[in-house]
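Now for the letters of each chain:
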Amino acid sequence: MMHLPRFAFLVSISLLLASGASVSLAGVPLKTICRVKGQEDNSLHGLGLVVGLRGTGDGGSFLPTIRSMSVALEMMGTPLGKNGSAELKDAKNVALVLVTATVPPAGARQGDRIDCHVHSVGACKSLAGGTLFLTPLVGPDPRDRRVYALAEGPITIDNPETPTVGRISGGCRLESDFFNPFVKDGRITLVIEPPYADFQVAQDIVELINSHMTVQSGGVPLARAINQVNVEVLVPRQYADDPVLFVSQILELPLMEVPLGPRVVINERAGSIVMSGDVEVGPVVITHKNMVIQAGGAQFVGLDSGQSQTTKLKALIDALNALNTPTQDVIQIIKSLEKNGKLRGRLIIE
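Residues numbered from 1 in each chain as written. Predicted model: local features only at pLDDT ≥ 70, side-chain atom pairs only at ≥ 80, totals over all residues. Heavy atoms only, no water.

Participant: How do you make sense of unusual backbone geometry when you look at a structure like this?
Facilitator: Residues other than glycine predominantly adopt negative phi, and peptide bonds predominantly adopt the trans conformation. You will see that D185, though not glycine, has its phi angle at about 55°, which is positive. With respect to the secondary-structure elements, D185 resides in the loop between β10 (165-174) and β11 (187-192). Judged by its relative accessible area of 67%, D185 falls in the exposed class. (Helix = DSSP H or I, 4+ residues; strand = E, 2+ residues; numbered from the N terminus. Buried < 20%, exposed > 50% of the residue type's maximum accessible area, 1.4 Å probe, protein only.)

This is the structure in structure tokens:
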């Protein structure tokens with residue numbers, strides 16, 4: 001049994017140079033790896049007041065909340081007296097919050113209700129038990145002051161560790177229609193999702209569309225690649241009045257081979273790490289807190305004598321887990337490897 005020093009752990013991992021095999025998917029519909037340009041979500045936001053808190057609000061020392069309360073009271077026909085904001089100095093059951101909502105990519109109609117989220121911006125300790133006062137929401141363009149939605153309702157705290165962040169289920173009522181046009185100048189644009197964006201993939205999509213839509217196009221090529229992300233497709237004349245049918249047919253076309261390189265997907269909030277089996281680590285020495293980790297040495301000292309030499313990232317993570325390294329520390333090490341060019345795979349942060 002190997003005894004580990006108190007202040008430093010040394011794990012020496014030798015790498016076997018081997019080329020990582022690519023992963024391929026057979027018969028993948030284009031809708032799995034592409035989206036249609038124009039079908040994006042829309043963000044709405046506004047500043048509002050949460051009332052009904054149990055003494056956990058901003059209090060009278062946070063002036064933005066006091067000013068917002070003054071405006072709200074005046075709009076409701078109850079303006080402040082001569083003492084002004086001094087009358088609100090003990091209002092500890094109110095908090096100023098940022099309210100956000102996201103309209104889905106498919107759009108929505110006036111009167112639809114969607115979820116919204118609230119985030120405290122002041123000295124509030126907790127939004128638990130509070131109710132959002134009627135709040136107008138505007139779009140992302142600060143020059144456009146049009147009210148696109150109204151938000152209100154009781155707040156639900158999803159994570160007790162962050163009581164200053166809450167959600168209102170169906171608390172946002174849309175005041176405008178959201179239609180997302182997807183045809184421009186008689187063309188649609190397919191946007192390849194980031195994990196698949198590649199020049200070869202874009203060219204394969206072009207060849208797939210042109211070969212399958214020959215009859216509809218009269219032999220004229222419909223698709224052309226703009227770059228490794230965007231593929232422009234001409235809508236045939238017979239589909240001019242029914243572009244939805246054309247798009248549905250395009251998105252159902254199967255791409256027989258989609259090369260996927262090594263990748264690591266990290267969700268920092270959930271603390272999860274998902275990696276493909278072919279992710280490798282280049283020669284590197286990492287000093288992190290009370291650990292010294294060496295990958296790429298001539299010899300291999302494993303915590304498990306049955307463990308074989310390998311270039312895989314999994315071996316490094318297994319060694320870190322054996323040393324009871326916190327997940328957040330492992331994530332930081334992986335991010336550092338990527339920044340230094342030693343992570344031989346694509347890093348995706350969610």
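Participant: Explain the sheet that holds β10 to me, please; I cannot follow it from the model alone.
Facilitator: Across a sheet, paired strands are connected by hydrogen bonds in the backbone, their directions being either parallel or antiparallel. Ordered by their spatial adjacency, 6 strands build a closed barrel running β5-β6-β7-β10-β9-β8, and the pairing between neighbours is antiparallel. Adjacent strand axes in the sheet meet at a mean angle of 30° when their direction is disregarded. (Pairing = 2+ DSSP bridges. Axes fitted to C-alpha atoms, helices over the stretch in contact; angles between N-to-C directions.)

Participant: When you look at the packing of aromatic side chains in this model, what are you seeing that I'm missing?
Facilitator: Each aromatic ring pair is summarised here by two numbers: the centre-to-centre distance and the angle between the ring planes. According to the stated counting rule, one finds 2 aromatic pairs in the structure shown. Geometrically, the ring pair formed by Y148 and F178 is tilted, given 5.8 Å between the ring centres and 45° between the ring planes. You can see Y148 sitting in the loop between β8 (131-137) and β9 (149-154) and its partner F178 sitting in the loop between β10 and β11, a full 30 residues away along the chain. Aromatic pair Y239 and F246: ring centres 5.3 Å apart, planes at 50°, arrangement tilted. The buried category is assigned to F246, whose relative accessible area is 0%. (Phe/Tyr/Trp six-rings, centres within 6.5 Å; stacked < 30°, edge-to-face > 60°.)

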